[in-house]
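Structural description and commentary
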Amino acid sequence: MRVRLIMLMVIVIFLGGSHAPVSSRDVSSPPGESVSGLDSAEEEQLTLGQLRQKYADTFKTNGPSTKKVALTFDDVPDPRFTPQVLDVLKKYNVRATFFIVGSRAEKHPDLVKRIVKEGHMVGNHSYNHPEFSKLSMNAFRKQILHTGDIIQRLAGYTPKMIRPPYGDINEEQLRWAAKQHYSIVNWNVDSLDWKGLSKEQVKDNILSAVKPGSIVLQHAGGGVGSNLNGTIEALPEIIEELRNRGYELVTLDEMLGLPKAKD
């Protein structure tokens, strides 16, 4: 009897071992395949440089290596700074590109109309300047589409070109932009004028870095307490020096050979 009892206990222990807990990684799946999509969630995100290479037809930071430079101004319209920038450009007969924030365009529609009337190009710079990579796809699309509608009413066209706030965008957003026939346009010369730099600092940041096909980032709008006097004061001398070097100052559609309006 005792021998039978011992044998029965051994059998129970042996069978019970087959019900030990298993982790999700122990679930049977072919080698190299993820379990419940865990690997895909951990997929490494591409850098902006890698995204530019992968989506070269959609994502631009410069034009062809010809003697042309595109001056671009972000965060407009802003009644503190935009009119002053426009006055300088008009005096020197320069056409530039302005990236418009939708919420500001709603508040200052006449400034948007002035930008267009004076021959400048406009692009989409979001509705309220968020960091795109932190938004859901639905929120990202709303930023672009709503701002596009606002600009269309004021400028007469929906811009093809988008400049992400902070230059920041992720791959899913880029894929959507490409599918919708937008172009993402950043820059390769940064004035850093948003830091409140002096006239000489802004001039040096631009003139020391500019080369054929450069897209220059400046600002004609800012946040509370912003000081863009340096960029406004430097602009006449920047224009004069670039022309002395033989550069033609053009809008982004001229630089990139792309339409300004979305098809």
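For the structure, see preceding data.
Bear in mind that the values here come from a model prediction, so they are computed numbers and not experimental data. (Residues numbered from 1 in each chain as written. Predicted model: local features only at pLDDT ≥ 70, side-chain atom pairs only at ≥ 80, totals over all residues. Heavy atoms only, no water.)

Here the focus is the nonpolar core. The biggest cluster of nonpolar side chains holds 50 residues, and the ones touching the most others in it are Leu71, Phe73, Leu89, Phe98, Ile239, Leu242 and Leu252. Element by element, the count of residues in this core is highest for helix H10 (residues 229-244), at 6 residues. With residues near it in sequence (within four places) discarded, leucine 242 still touches Val69, Leu71, Leu207, Val210, Tyr247 and Leu249. Counting residues in each nonpolar core, the second largest holds 14 residues, with Phe140, Ile162, Leu174 and Ala177 among its members. (Core = buried A, V, L, I, M, F, W, Y, C linked by side-chain atoms within 4.5 Å. Buried < 20%, exposed > 50% of the residue type's maximum accessible area, 1.4 Å probe, protein only. Helix = DSSP H or I, 4+ residues; strand = E, 2+ residues; numbered from the N terminus. Contact = heavy atoms within 4.5 Å.)

Our next topic: unusual backbone geometry. Residue valine 76 is joined to proline 77 through a cis peptide bond whose omega torsion reads 0°. Mapping proline 77 onto the fold places it in the loop between strand E2 (68-76) and helix H4 (82-91). For aspartate 75, which is not a glycine, the phi torsion comes out positive at approximately 70°. Inspection of the secondary structure puts aspartate 75 in strand E2. Even without being a glycine, asparagine 93 presents a positive backbone phi close to 55°. Among the structural elements, asparagine 93 can be located in the loop between H4 and strand E3 (97-100).

Take it as geometry only, folks, not as evidence of what the structure does.
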